[in-house]
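Next come the chains, spelled out residue by residue.
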Amino acid sequence: QVQLVESGGGLVQAGGSLRLSCAASGSIFSINAMGWYRQAPGKQRELVAAITSGGSTNYADSVKGRFTISRDNAKNTVYLQMNSLKPEDTAVYYCRVVTGPRSDYWGQGTQVTVSS
């Protein structure tokens, strides 16, 4: 089993910054992709950003230029640096780790609230 522990959420004013972290532990042989998703009230969960084991990244159009995803393979940790936050970024943010073709794990979620 793999456990994911997220941290870094909170309340911030519009224009501010937050940094999310997600550390994976447990029976990890290898980690392929790591990513961040978010779900706002009444909306579907959506991909925010993802990063492969080789470092390739992709972002939702709504966060390009404001958010940066990175990973520390030695620590099995993925980060999401969020700058220029907007009220529409308010959501529960979830970490996802893919360890195989049909094997993935999700974090418990961390609340990000951006006030106007």
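Since the structure is predicted, the reported quantities are computational estimates derived from the model, not experimental observations.

Draft legend 1. Just the overall build of the protein, in detail. Counting its regular elements, the protein contains 0 helices and 11 strands. At 14 Å, the protein has a C-alpha radius of gyration in line with the 13 Å of a compact globule built from 116 residues. Projected onto its principal axes, the C-alpha positions of the protein cover 45 × 25 × 25 Å. Evaluated residue by residue, the protein yields a buried proportion of 40% over its 116 residues. With an accessible surface of roughly 6,100 Å², the protein has 47% of that area assigned to carbon and sulfur atoms. Averaged over its 11 positive side-chain charges, the protein has a centre that lies 3 Å from the centre of its 7 negative ones.

Draft legend 2. Local environment of the packing of aromatic side chains. Taken as a whole and assessed by the stated rule, the structure comprises 1 aromatic pair. The ring of Y79 has R19 lying over it, and the distance from NZ or CZ to the ring centre is 4.1 Å. Over the aromatic face of Y94 sits the side chain of R45, whose NZ or CZ is 3.7 Å from the ring centroid.

Draft legend 3. Focus on the side chain of E6. You can see E6 is positioned in strand 1 (residues 2–7). One buried charged residue, E6, forms no salt bridge at all, with the nearest opposite charge on R45 at 7.9 Å. A polar contact of 2.8 Å, which involves the side chain of E6, links it to the backbone nitrogen of G109. Dropping the residues within four chain positions of it, E6 is found in contact with S21, C22, W36, Y93, Y94, C95, G107, Q108, G109 and T110.

Draft legend 4. Highlighting the state of the cysteines. Under the counting rule described, the total for this entry stands at 1 disulfide. Paired by a disulfide, C22 and C95 hold their sulfur atoms 2.1 Å apart. Across the disulfide from C22 to C95, rotation about the S-S bond amounts to roughly -80°, and the bridge is consequently left-handed. With C22 in strand 3 (residues 18–26) and C95 in strand 9 (residues 91–100), the pair connects residues that are 73 residues apart, well separated along the chain. The residues C22 and C95 share a single accessibility class, namely buried.

Definitions and limits used
Residues numbered from 1 in each chain as written. Predicted model: local features only at pLDDT ≥ 70, side-chain atom pairs only at ≥ 80, totals over all residues. Heavy atoms only, no water. Helix = DSSP H or I, 4+ residues; strand = E, 2+ residues; numbered from the N terminus. Rg over C-alpha atoms; globule rule 2.2 N^0.38 Å. Buried < 20%, exposed > 50% of the residue type's maximum accessible area, 1.4 Å probe, protein only. Areas by Shrake-Rupley, 256 points an atom, 1.4 Å probe, with all protein chains shown as cover. Lys, Arg positive; Asp, Glu negative; His and termini not counted. Charge placed at Lys NZ, Arg CZ, Asp CG, Glu CD. Phe/Tyr/Trp six-rings, centres within 6.5 Å; stacked < 30°, edge-to-face > 60°. Lys NZ or Arg CZ within 6 Å of the ring centre and 35° of its normal. Salt bridge = Lys/Arg side-chain N within 4 Å of Asp/Glu carboxyl O. Polar contact = N/O pair within 3.5 Å; in protein donor to acceptor, adjacent residues only side chain to side chain. Contact = heavy atoms within 4.5 Å. Disulfide = S-S within 2.5 Å.

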